[in-house]
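Chains, contacts and geometry: an overview
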Amino acid sequence: MGRNHQVKYHEKSTKSLKDGFIRLISGKWRGKKLPVQNKEGLRPTTDRTKETLFNWLMQDIRDANCLDCFSGSGSLAFEALSRYAKNVTLLEKDNQVASQLRENLTTLKVDNATLIETDSIHYLQQAASQQFDIVFIDPPFFKGLLQPCCNALETNAYLAEKALIYIEKETLSTDFSAPENWQLLKEKSTAQVSYQLYVRG
């Protein structure tokens, strides 16, 4: 019986890995599905949340320079590219996840994105070589990464003057304080996830 249980579990795990994907909801690749790695802590933004976010960004995403700080599945980065962002920089630490992102960029023949395989906090503690109009911050939950990420973005000049910053965090999180010059524009919450859009003043 134990052996049968192990076989069933393996089948389930394989199916989960095989069927993992994100779906692009609008733009030039609307409806396109892209495979994602089945990794612990990888939590793609839901379609409903993504639709809300890009409704918020509708007037700003085209021709924007975007930074995806914890790219993971690439859900936000690929949606931005699909909606005609000028370019997108993706930061991802895990080499298997980064490899999948690279494959998906190749599949879509993307020529206006840069994938940097790096620890995001370490990378952002360096002085910026360019400024970004829109920044996505959706770090792994319960790792304490949000605050140092936001501080580094502000301190090291990664943000354009009126940059828009999207944050996705645990609803129960109480240890985050946005930089003083960021103004909250939009906010929504579910039982598990809180998401916010700030503008840099």
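Residue indices begin from 1 for each chain and proceed along its sequence in written order. Given that the model is predicted, a residue must reach a pLDDT of at least 70 before its local features are reported, and side-chain atom pairs must reach 80 or more before they are shown or counted; all residues, however, enter totals for whole chains, interfaces and linings. Hydrogens and water are ignored here; the side-chain numbers use all heavy atoms of the structure.

Some words on the sheet that holds strand E3 (residues 65-68)
DSSP bridges decide pairing: two strands pair if at least two such bridges lie between them. Put simply, DSSP H or I for four residues or longer makes a helix, DSSP E for two residues or longer makes a strand, and each gets a number counted from the N terminus. Taking strand neighbours across the sheet as the criterion, the seven strands line up as E5-E4-E3-E6-E7-E9-E8 in an open arrangement whose pairing is mixed. Bordering the open sheet on either side are strand E5 (113-117) and strand E8 (182-189), each of which pairs with just one other strand. On average, each strand axis in the sheet is inclined to that of its neighbour by 15°, with strand direction left out of account. Examined bridge by bridge, strand E6 (residues 132-137) and strand E7 (residues 159-170) share five bridges and lie parallel to one another. Its bridge partner lying in E7, phenylalanine 136 is registered against tyrosine 166. Running at roughly 15° to strand E9 (residues 193-200), helix H2 (residues 47-56) makes contact with E6, E7, E8 and E9 of the sheet. Each of strand E4 (87-92) and E5 touches helix H4 (residues 95-107); the most contacted strand, E5, lies at about 165° to it. What counts as an axis is a line fitted to C-alpha atoms, over the stretch in contact for a helix, and the angles between N-to-C directions run from 0 to 180 degrees. Any pair of residues with heavy atoms lying within 4.5 Å of one another is described as a contacting pair.

Focus on H2
Thr49, Lys50, Thr52, Leu53, Phe54 and Trp56 are the residues of H2 that are buried. Here the buried face of H2 lies against strand E1 (21-23), helix H3 (75-82), E6, E7, E8 and E9. Buried means the residue's accessible area, taken with a 1.4 Å probe over protein chains only, is under 20% of the maximum for its type, while exposed means over 50%, and partly exposed covers the values in between.

Here we look at the pattern of salt bridges
Here, a salt bridge means any Lys or Arg side-chain nitrogen found within 4 Å of an Asp or Glu carboxyl oxygen. By the definition in use, this model includes six salt bridges. One salt bridge in this structure joins glutamate 79 and arginine 83, with 2.9 Å as the shortest N-O distance. Arginine 83 matches glutamate 79 in its accessibility class, with the two residues each being buried. Its salt-bridge partner being aspartate 119, residue lysine 93 comes within 3.4 Å of it at the nearest N-O pair. With lysine 93 in the loop between E4 and H4 and aspartate 119 in the loop between E5 and helix H5 (120-124), the pair connects residues that are 26 residues apart, well separated along the chain. The exposure class assigned to aspartate 119 is partly exposed, which follows from its relative accessible area of 30%. In the salt-bridge network here, residues are joined through shared partners; they are Lys50, Glu79 and Arg83.

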